[in-house]
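Residue-level listing of the chains:
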Amino acid sequence: VDSPYIRCVGFLYLRYACEPERIWEWFEPYLYDDEPVQVHATGTKPETAIGAWVRSLLTEMNYHDTLLPRLPVQIERNVKVQLLQAEQNEERAKQHLQSTDTMEFLQMGASVRALYADEYNPTAWYDC
């Protein structure tokens, strides 16, 4: 597995150099990466998870007294909406894993109903 610091350098590079329209597709898989990383040079601040650091790159305009490139307004709005949706999905997943009642229903062959959307399909309910 690669070093978390190599990934951090890559994310920082993407934040500066990537076309704003493509930034979400690069960052989204790592939004909840819980691998710890020390991103402060002094080491006096606590470690942070890569996912939290990645989310901060998307939402904050400064990185260690350096101004990050501004995302176009519409893309920034879309990223904020997608971050809220991802946060809700992550919270819901944590709640399901903690609830034994919910997990009892998830057995092999059980029918489920799910929301799904991607770049080609609008959000819709699917029965599986």
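One can find the structure itself at the top, above this paragraph.
Summary of the structure given here. (Residues numbered from 1 in each chain as written. Predicted model: local features only at pLDDT ≥ 70, side-chain atom pairs only at ≥ 80, totals over all residues. Heavy atoms only, no water.)

Brief notes about the overall build of the protein chain
Helix and strand counts for the protein chain come out as five helices and six strands. In summary, the protein chain has a C-alpha radius of gyration of 18 Å against a globular reference of 14 Å for 128 residues, an excess of more than 25%. Its C-alpha atoms give the protein chain principal-axis dimensions of roughly 50 × 35 × 25 Å. The proportion of buried residues among the 128 residues of the protein chain is 23%. Restricting the contact set of the protein chain to residue pairs at least 6 apart, pairs at least 24 apart contribute 44%. When the accessible surface of the protein chain is split by element, carbon and sulfur atoms take 54% of a total near 9,600 Å². Computing the positive centroid from 11 side-chain charges and the negative centroid from 20, the protein chain places the two 7 Å apart. (Helix = DSSP H or I, 4+ residues; strand = E, 2+ residues; numbered from the N terminus. Rg over C-alpha atoms; globule rule 2.2 N^0.38 Å. Buried < 20%, exposed > 50% of the residue type's maximum accessible area, 1.4 Å probe, protein only. Contact = heavy atoms within 4.5 Å. Areas by Shrake-Rupley, 256 points an atom, 1.4 Å probe, with all protein chains shown as cover. Lys, Arg positive; Asp, Glu negative; His and termini not counted. Charge placed at Lys NZ, Arg CZ, Asp CG, Glu CD.)

Some details on the nonpolar core
In this structure, Phe11, Phe27, Leu31, Trp53, Val54, Leu57 and Leu58 are the most contacted members of the largest nonpolar core, which totals 21 residues. Tallying contributions element by element places helix H3 (residues 50–59) first for this core, with five residues. Contacts of Phe27, omitting those with residues within four sequence positions, involve Phe11, Leu14, Arg15, Val54, Leu57 and Leu58. (Core = buried A, V, L, I, M, F, W, Y, C linked by side-chain atoms within 4.5 Å.)

Some points on H3
Extensive coverage of H3 is indicated by the burial of seven of its 10 residues. Elements that come into contact with the buried residues of H3 comprise helix H1 (4–17), helix H2 (23–27), strand E1 (36–37), strand E2 (48–49), strand E3 (62–63) and helix H4 (73–98).

A closer look at the environment of Phe27
For Phe27, the position within the fold is in helix H2. Measuring from C-alpha to C-alpha, the distance between Phe27 and Gly51 comes to 9.0 Å, with 24 residues separating the pair along the chain.

Thoughts on the pattern of salt bridges
Applying the stated criterion across every chain yields a total of five salt bridges. Glu76 serves as the salt-bridge partner of Lys80, at 3.6 Å between the closest nitrogen and oxygen. Here Lys80 and its partner Glu76 are both found in helix H4, four residues apart, which amounts to about one turn of the helix. Where Arg113 meets Asp127, a salt bridge forms, and the shortest distance between an N and an O atom there is 3.4 Å. With a gap of 14 residues between them, Arg113 in strand E5 (residues 113–116) and Asp127 in strand E6 (residues 124–127) connect regions that are remote in the sequence. Here Arg113 matches Asp127 in class, with each residue exposed. Taken together, the shared-partner salt bridges connect Arg7, Asp33 and Glu35 into one network. (Salt bridge = Lys/Arg side-chain N within 4 Å of Asp/Glu carboxyl O.)

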